[in-house]
Amino acid sequence: MEELLQQIENYKLEIAAIEATTADAVEAFRIKYLGTKGLMKTVMGEMKNVPNEKKKEAGQILNDFKIFVEEKYNTLKENAQGTEESAADSSDWSLPGNPAIVGTRHPLNLVRSQIISIFQTLGFAVEEGPEIEDDWHNFGAMNLPEDHPARDMQDTFYINNAKAGEQSWLLRTHTSSVQARIMETQKPPIRVICPGRVYRNETISARAHCFFHQVEGLYIDENVSFADLKQTLYFFVQQMFGKDVKVRFRPSYFPFTEPSAEMDISCLICEGDGCNVCKHTGWVEILGSGMVHPKVLENFGIDSNKYTGFAFGMGVERITQLKYRVNDLRLYSQNDVRFLKQFTGVV
Ligand code: DAH
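Summarised in this report is the structure supplied together with it. (Residues numbered from 1 in each chain as written. Predicted model: local features only at pLDDT ≥ 70, side-chain atom pairs only at ≥ 80, totals over all residues. Heavy atoms only, no water.)

### Section: the site of the ligand
Rule in force here: When we say a residue is near a molecule or strand, we mean one of its heavy atoms is within 4 Å of it. N or O atoms within 3.5 Å of each other form a polar contact, as long as, within protein, one can give a hydrogen and the other can take it, and as long as residues adjacent in sequence are counted only when both atoms are side-chain atoms. Numbered from the N terminus, helices here are DSSP runs of H or I no shorter than four residues, and strands are runs of E no shorter than two. Amino acids are sorted into nonpolar (Ala, Val, Leu, Ile, Met, Phe, Trp, Tyr, Cys and Pro), charged (Asp, Glu, Lys and Arg) and polar (every other residue, Gly among them).
Surveying the vicinity of the ligand reveals 15 residues, the closest of which are Ser-176, Gln-179, Arg-200, Gln-214 and Glu-216. Within the side chain of Ser-176, a nitrogen or oxygen atom sits 3.0 Å from a nitrogen atom of the ligand. In the environment of the ligand, an oxygen atom lies 2.6 Å from a nitrogen or oxygen atom belonging to the side chain of Glu-216. At the level of secondary structure, the elements contributing two or more residues to the shell around the ligand comprise helix H7 (176-185), strand E6 (211-221), strand E9 (283-292) and strand E10 (308-315). In terms of residue class, the shell around the ligand is built from four nonpolar, nine polar and two charged.

### Some details on the packing of aromatic side chains
The following threshold applies: Stacked, edge-to-face and tilted labels apply to pairs of Phe, Tyr and Trp rings (six-membered ring for Trp) whose centres lie within 6.5 Å, assigned for plane angles under 30 degrees, over 60, and everything in between, in that order. Summary of the burial criterion: residues with accessible area below 20% of their type's maximum are buried, those above 50% are exposed, and those between are partly exposed, where the area comes from a 1.4 Å probe applied to protein chains only. Any Lys NZ or Arg CZ that is within 6 Å of a ring centre and within 35 degrees of that ring's normal is treated as a charge sitting over the ring.
Taken as a whole and judged by the stated rule, the model has 16 aromatic pairs. Ring geometry for Phe-29 and Tyr-73: centres 6.5 Å apart, planes at 5 degrees, overall stacked. Of the two residues, Phe-29 sits in helix H2 (residues 23-34) while Tyr-73 sits in helix H4 (residues 55-88), which places them 44 residues apart along the sequence. Judged by relative accessible area, which is 4%, Phe-29 ranks as buried. Here Tyr-199 and Phe-211 contribute two aromatic rings whose centre-to-centre distance is 6.5 Å and whose plane-to-plane angle is 55 degrees, an arrangement assigned as tilted. Remark: Phe-211 occurs in strand E6 and Tyr-199 occurs in strand E5 (residues 190-199); sequence separation between them is twelve residues. Aromatic ring contacts, followed pair by pair, group Phe-119, Phe-124, Tyr-219, Phe-236, Phe-310 and Phe-312 into a single cluster. It is Lys-12 that lies over the ring of Phe-68; its NZ or CZ is 5.6 Å from the centre.

### A closer look at the sheet that holds strand E8 (residues 257-266)
Hydrogen bonds between backbone groups are what pair the strands of a sheet, and the pairing can be parallel or antiparallel. Our working rule: Note on pairing: two strands pair once DSSP finds at least 2 bridges between them. Contact criterion: two residues are considered in contact whenever any of their non-hydrogen atoms come within 4.5 Å of each other. In this analysis, axes come from line fits to C-alpha atoms, helices being fitted only over the stretch in contact, and the angle between any two N-to-C directions falls in the range 0 to 180 degrees.
Ordered by their spatial adjacency, seven strands build an open sheet running E1-E5-E6-E10-E9-E8-E7, and the pairing between neighbours is mixed. Strands with a single pairing partner mark the edges of an open sheet, and in this sheet they are strand E1 (125-126) and strand E7 (247-254). Note that E7 and E8 share seven bridges and pair antiparallel. Each bridged residue has a counterpart across the sheet, and for Arg-250 the counterpart in E8 is Glu-262. The sheet strands contacting helix H5 (residues 107-121) are E1, E5, E6 and E10, and the helix crosses E5 at an angle near 165 degrees.

### Considerations on the sheet that holds strand E3 (residues 158-159)
In space, the three strands of this open sheet follow the order E2-E4-E3, with antiparallel pairing throughout. This sheet does not close on itself; its edge strands, each paired only once, are strand E2 (132-134) and E3. In terms of strand pairing, E3 meets strand E4 (residues 169-171) through two bridges, oriented antiparallel. Each bridged residue has a counterpart across the sheet, and for Ile-159 the counterpart in E4 is Trp-169.

### Remarks on the pattern of salt bridges
Close approach of charged atoms allows side chains of opposite charge to pair. Using the following cut-off: A carboxyl oxygen of Asp or Glu within 4 Å of a side-chain nitrogen of Lys or Arg is what we treat as a salt bridge.
Taken as a whole and judged by the stated rule, the model has eleven salt bridges. We note a salt bridge from Glu-128 to Arg-112, for which the minimum N-O separation is 3.4 Å. Of this pair, Glu-128 sits in the loop between E1 and E2 while Arg-112 sits in helix H5, and the two are 16 residues apart along the sequence.

Dropping the structure here:
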């Protein structure tokens, strides 16, 4: 009997120290101590060797031992379940997710796409031309006389490789050069817009840059009139800026058009009250336009008695400035993300 009691004390120490973190380990514990061939059974079997007068006392002790083992088993089971559950699901679903960072489009790119899609609805096709251009396509073919100020070294970036007797190469000063390339290769009816980057030898400031973007338009067919030009550009402005914007055409001069006109829209920044964008006039110029000069048509063998056309060229930076109220041209090319991430429009 003494021996049995001593053994039980030893078992208790052994069992108290047991740890089991997995369901398998807990099950192994159950089999070893509480199973049909387990320790508990063996110990209970010892009862038969206990003298009768001690049976009551021994019964009590064995019962306590059984409760002790069962409690240990239950605790092990609960703990193991807890750890298995948290191992299977270690995510904290209340944490904020990883942000999906969506890039933004450059404002000039957004506006360029908007301009293109508006003209595409009118049946204009998109064409592009080279940024490094020869004198003929940029100036000569467009009826820009030798002494035209646009040819001045102050305005044009010439590329210094012209050999004697060859024409000079330059960075195109306007997308009108693409008109020349189109008329060279296509026959009327022609209805194209030509977006692209252009270069001028200007000191960079809030209002001027050495490169900027234009969209050129050219429409040549029989019976194309100035009324068509006005209506097309009026449609464009309404699509771009909304129905409330006012437009006006001012007579102007471009060597490649006759008659020529510049188009102004009512200033969207001050709504006509006067501000420094509209130079306190309430109007902002957004494009140059006109009826294609007969000489330009003839330069490409297009019969100017049969065909007429209109052309226009608009500045993408200026339109973006009015649309998004950008007050400094330099912002477009500084790559400052604080500026760029404000433009989330999708086209
Ligand atoms: N090329 C002119 C410029 O850069 C803009 C322009 C004016 C384009 C009249 C045209 C036009 O096609 O007809 O200032």
